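The chain contents come next:
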2 protein chains.
Amino acid sequence: MKKTPKYEQIANQLRDRINAGEYQANELMPDQVSLAEEFSVSRMTIKKALDTLALEGLIYTRRGDGTHVMGDISLKIETNSPADEHRGLTAFFGQDRVTSKIIRFDILFPNEALQSHLKLNKNEPIFDIVRLRLVDEKPYVLEHTYMPQKLMPNLSEDILANSIYDYLKNDVGLKLSGAYRKIHAVFADDLDIEYLQCRPNDPVLEVEQVAWLADGTPFEYSFSRNRYDARSYTVLDINQGNA
Amino acid sequence: MKKTPKYEQIANQLRDRINAGEYQANELMPDQVSLAEEFSVSRMTIKKALDTLALEGLIYTRRGDGTHVMGDISLKIETNSPADEHRGLTAFFGQDRVTSKIIRFDILFPNEALQSHLKLNKNEPIFDIVRLRLVDEKPYVLEHTYMPQKLMPNLSEDILANSIYDYLKNDVGLKLSGAYRKIHAVFADDLDIEYLQCRPNDPVLEVEQVAWLADGTPFEYSFSRNRYDARSYTVLDINQGNA
DNA sequence: AAGTGGTCTAGACCACCGT
DNA sequence: CGGTGGTCTAGACCACTTG
């Protein structure tokens, strides 16, 4: 049983109202004092809920004016693969639609680059995993993943066939915290050609990632490779009032 | 003259201390009560300053434990081109290093896609701009930009030679607010080959962007094309405690 | 001038982690 | 258990936009 903070509950309700069209795009929302009365909370709590929605790009606020509902952003609507994806593919598409074909599952000692990325010394073994992820039976992304063995000693092929993230979260009890990603355009390599059915010289969208736990420990270094015509990567960048 | 909030001043000071090594990586920072005393502010204000740093990935907090300084993230260190780049190239590299070669500067009526992206009707003309941006005299990125004429009626080639963003912010008085980006891998086209000196069939990293003002009006739709071997795109994704 | 959102306070209670 | 961070309050003052 977990407790959801008031500001989060309120943010959820307000988000629902916006999505339901109860507050129209480019119109004003009720002012913070009214909302505080409606929800029987202090204005600071309302403010925090609104901050959440502003970070999501749903509203914007202007001192002296009010809180506006943001009109739809064209690129946002077309979007299908959000930046916030370190919860994994299964969380996004649902367990039924995602399957995995294991192409490699080895264990080895890390080279210098991997020692640095995962903050390990050369004697701490890592898993070396290559998986083809399929959505609705169709090749979606080819993932090359390195993870420290010591964090997940019981990793097996059965787990790899499903979601590693679910395993780490639910069975091992690790808490995921964040990720740093670097996005490149590269040439298709032999594996891309074989499994993603790329042609030689096709461009490939590669997402290089270091992900870490709530205590700051890196737990994953990975490359995700995508067909250039099948997938893109989207980012929402909200300017926090400074400029 | 503008007034900087206390929490922002404090966040800046604490950030400096972390970067100076005054608070060591993977060590605890002073607790919030102590910091509140040191800066003579309430604990809520300290909390807000720390939230800022947590969003930047510099620290992480654990209930019942304390505030930890995040160890360095490997990809973050190598990084040179941050996601937060809608302030423009000149703001990042400095005015002296960035020059622009104007390849196209036209005005035309928007097609349906552009009407949708920029929320215009078919009778409102837009600028159609192609610029090669050079850093230290070397080709860096090829930018194809569409902007509504009505927002910036006096745009000229002189301005294009420098920073459009500086012009919009300082001379026109527009307030930039946010951007939605979609990142693709694509084939080099004729312009890429000519100006970025790509070879035919080279992959190109393309960033498609819709940017909008503080009042929610879209003011720019653009494509930035980069040589695959010259540039990447980085994103920091911090999980806000939920999962 | 009136009304809005942004900041800040002083204190309270709670949830969580360590011992 | 003591100490930590997370939330929340009721009120205050300020900065800003609009009439």
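Residues numbered from 1 in each chain as written. Chains lettered and ligands numbered in written order. Predicted model: local features only at pLDDT ≥ 70, side-chain atom pairs only at ≥ 80, totals over all residues. Heavy atoms only, no water.

K.L.:
What is the right way to look at the overall build of chain A in this model?
P.N.:
What chain A contains, in helices and strands, is nine helices and nine strands. Structurally, chain A occupies a C-alpha span of about 60 × 40 × 40 Å along its principal axes. For chain A, with 243 residues in total, the buried portion stands at 49%. Sequence-distant contacts, at least 24 apart, represent 60% of the contacts inside chain A between residues at least 6 apart. Split by element, the accessible area of chain A, about 12200 Å² in all, is 47% carbon and sulfur. Treating the 29 positive side-chain charges of chain A as one cloud and the 37 negative ones as another, the clouds have centres 5 Å apart. (Helix = DSSP H or I, 4+ residues; strand = E, 2+ residues; numbered from the N terminus. Buried < 20%, exposed > 50% of the residue type's maximum accessible area, 1.4 Å probe, protein only. Contact = heavy atoms within 4.5 Å. Areas by Shrake-Rupley, 256 points an atom, 1.4 Å probe, with all protein chains shown as cover. Lys, Arg positive; Asp, Glu negative; His and termini not counted. Charge placed at Lys NZ, Arg CZ, Asp CG, Glu CD.)

K.L.:
I tried to follow the interface of chain B and chain A on my own but got confused; where do I start?
P.N.:
Accessible area lost upon the coming together of the parts serves often as the stated size of an interface. Of the residues lining the interface, 55 residues belong to chain B; the matching set on chain A comes to 56 residues. Considering only the surface of chain B that becomes buried against chain A, Leu 75, Tyr 180 and Asp 237 of chain B emerge as the three largest contributors, covering 14% of it. Taken together, chain B and chain A are joined by two salt bridges. Taking the shortest distance from any N to any O, the salt bridge between Asp 237 of chain A and Arg 181 of chain B comes out at 3.3 Å. Contributing elements (two or more residues each) for the side of chain B that touches chain A: helix H4 (74-78), helix H6 (112-118), strand S6 (176-187), strand S7 (203-213) and strand S9 (233-238) of chain B. (Buried area = accessible area lost by both parts, 1.4 Å probe. Salt bridge = Lys/Arg side-chain N within 4 Å of Asp/Glu carboxyl O.)

K.L.:
How do you make sense of the protein's contact with DNA strand C when you look at a structure like this?
P.N.:
Contacts to DNA strand C come from 26 residues, most closely from Arg 43 and Lys 47 of chain A together with Lys 6, Tyr 7 and Thr 45 of chain B. The protein-proximal atoms of DNA strand C, defined as those within 4 Å of the protein, are 68% sugar or phosphate. Taking Arg 63 of chain A, its side chain carries an N or O atom lying 3.5 Å from a base nitrogen of DNA strand C. Contributing elements (two or more residues each) for the surface near DNA strand C: helix H3 (43-55), strand S1 (59-62) and strand S2 (66-69) of chain A together with helix H1 (6-19) and helix H3 (43-55) of chain B. When grouped by side-chain class, the residues that make up the surface near DNA strand C number five nonpolar, nine polar and twelve charged. (Near = heavy atom within 4 Å. Polar contact = N/O pair within 3.5 Å; in protein donor to acceptor, adjacent residues only side chain to side chain. Nonpolar A, V, L, I, M, F, W, Y, C, P; charged D, E, K, R; others polar.)

K.L.:
Is there a simple way to explain the protein's contact with DNA strand D in this structure?
P.N.:
As a structural note, the neighbourhood of DNA strand D is formed by 26 residues, with Lys 6, Tyr 7, Thr 45 and Arg 62 of chain A together with Arg 43 of chain B the closest of them. Among the atoms of DNA strand D lying within 4 Å of the protein, the sugar-phosphate backbone contributes 67%. In the environment of DNA strand D, a phosphate oxygen lies 2.6 Å from a nitrogen or oxygen atom belonging to the side chain of Tyr 7 of chain A. Put simply, the parts of the chain that give the surface near DNA strand D at least two residues each are helix H1 (6-19) and H3 of chain A together with H3, strand S1 (59-62) and strand S2 (66-69) of chain B. With four residues, H3 of chain A is the largest single contributor of residues to the surface near DNA strand D. Split into classes, the residues belonging to the surface near DNA strand D amount to five nonpolar, nine polar and twelve charged.

K.L.:
How do you make sense of the pairing of S1 of chain A when you look at a structure like this?
P.N.:
Each regular strand carries side chains that alternate between the two faces of the sheet. Residue and element names in this part refer to chain A. By the bridge criterion, four bridges tie S1 to S2 in an arrangement that is antiparallel. Bridging from a neighbouring strand, Arg 62 pairs with Gly 66 of S2. Where S1 folds back on S2, the antiparallel hairpin that results is connected by three residues, among which Gly 64 adopts a positive phi of roughly 80 degrees. (Pairing = 2+ DSSP bridges.)

K.L.:
Explain the relation of the copies chain B and chain A here, please?
P.N.:
One copy of the chain maps onto the other through a rotation about an axis plus a displacement along that axis. Mapping chain B onto chain A is achieved by rotating through 180 degrees and translating by 0.0 Å along the same axis, at an RMSD of 0.1 Å. The superposition of one copy onto the other is thereby described by a two-fold rotation axis. Both copies contact each other with a shared surface, as 100% of the interface residues of chain B are interface residues in chain A too. (Least-squares fit on C-alpha atoms with pLDDT ≥ 70 in both.)

K.L.:
What am I meant to see in the sheet that holds S7 of chain B here?
P.N.:
Hydrogen bonds along the backbone pair up the strands of a sheet, which may run parallel or antiparallel. Strand order across the open sheet formed by seven strands is S9(A)-S6(B)-S7(B)-S8(B)-S5(B)-S4(B)-S3(B), with antiparallel pairing between neighbours. Of all the strands in the sheet, the pair left with one neighbour each is strand S9 (233-238) of chain A together with strand S3 (98-108) of chain B. Neighbouring strand axes in the sheet, compared pairwise and without regard to direction, differ in orientation by 15 degrees on average. (Axes fitted to C-alpha atoms, helices over the stretch in contact; angles between N-to-C directions.)

K.L.:
Is there a simple way to think about the domain arrangement of chain A in this case?
P.N.:
Each assigned domain of chain A is listed here: domain 1 (6-69) and domain 2 (80-234). Taking only C-alpha atoms, the centre of domain 1 of chain A and the centre of domain 2 of chain A are 37 Å apart. (Domains from an automatic or database assignment.)

K.L.:
Where do I start with the sheet that holds strand S5 (residues 138-148) of chain A in this structure?
P.N.:
Taken together, seven strands build an open sheet; the order of strands is S3(A)-S4(A)-S5(A)-S8(A)-S7(A)-S6(A)-S9(B) and the sheet is antiparallel. Unpaired on one side and paired on the other, strand S3 (98-108) of chain A together with S9 of chain B mark the two borders of the sheet. Shown here is a sheet whose adjacent strand axes are inclined to one another by a mean of 15 degrees, direction ignored. Direction of pairing for strand S6 (residues 176-187) of chain A relative to S9 of chain B: antiparallel, over a ladder of six bridges. Paired with Arg 181 of chain A across the strands is Val 235 of chain B, a residue of S9 of chain B. Packed on one face of the sheet, helix H8 (residues 164-172) of chain A meets strand S4 (126-135), S5, S6, strand S7 (203-213) and strand S8 (218-227) of chain A and runs near 160 degrees to S8 of chain A.

K.L.:
Where do I start with helix H8 (residues 164-172) of chain B in this structure?
P.N.:
The periodicity of an α-helix, 3.6 residues per turn, causes residues three or four positions apart to be oriented the same way. All names here are of chain B. Buried within H8 we find Ile 164, Tyr 165, Tyr 167 and Leu 168. Angular distribution of buried residues about the axis of H8 spans 165 degrees; they occupy a single face of the element. If you follow the buried residues of H8, they end up packed against strand S4 (126-135), strand S5 (138-148), helix H7 (157-161), S6, S7 and strand S8 (218-227). Of the residues flanking the start of H8, the one acting as N-cap is Ser 163, its side-chain oxygen 3.3 Å from the backbone nitrogen of Tyr 165. (Arc of directions from axis to C-beta.)

K.L.:
Sorry, what's going on with the pattern of salt bridges here?
P.N.:
Should their charged atoms come close, side chains of opposite charge can pair. In total, this model carries 30 salt bridges over all chains according to the counting rule given. Among the charged side chains, a salt-bridge network with shared partners connects Asp 189, Asp 192, Glu 206 and Arg 225 of chain A.

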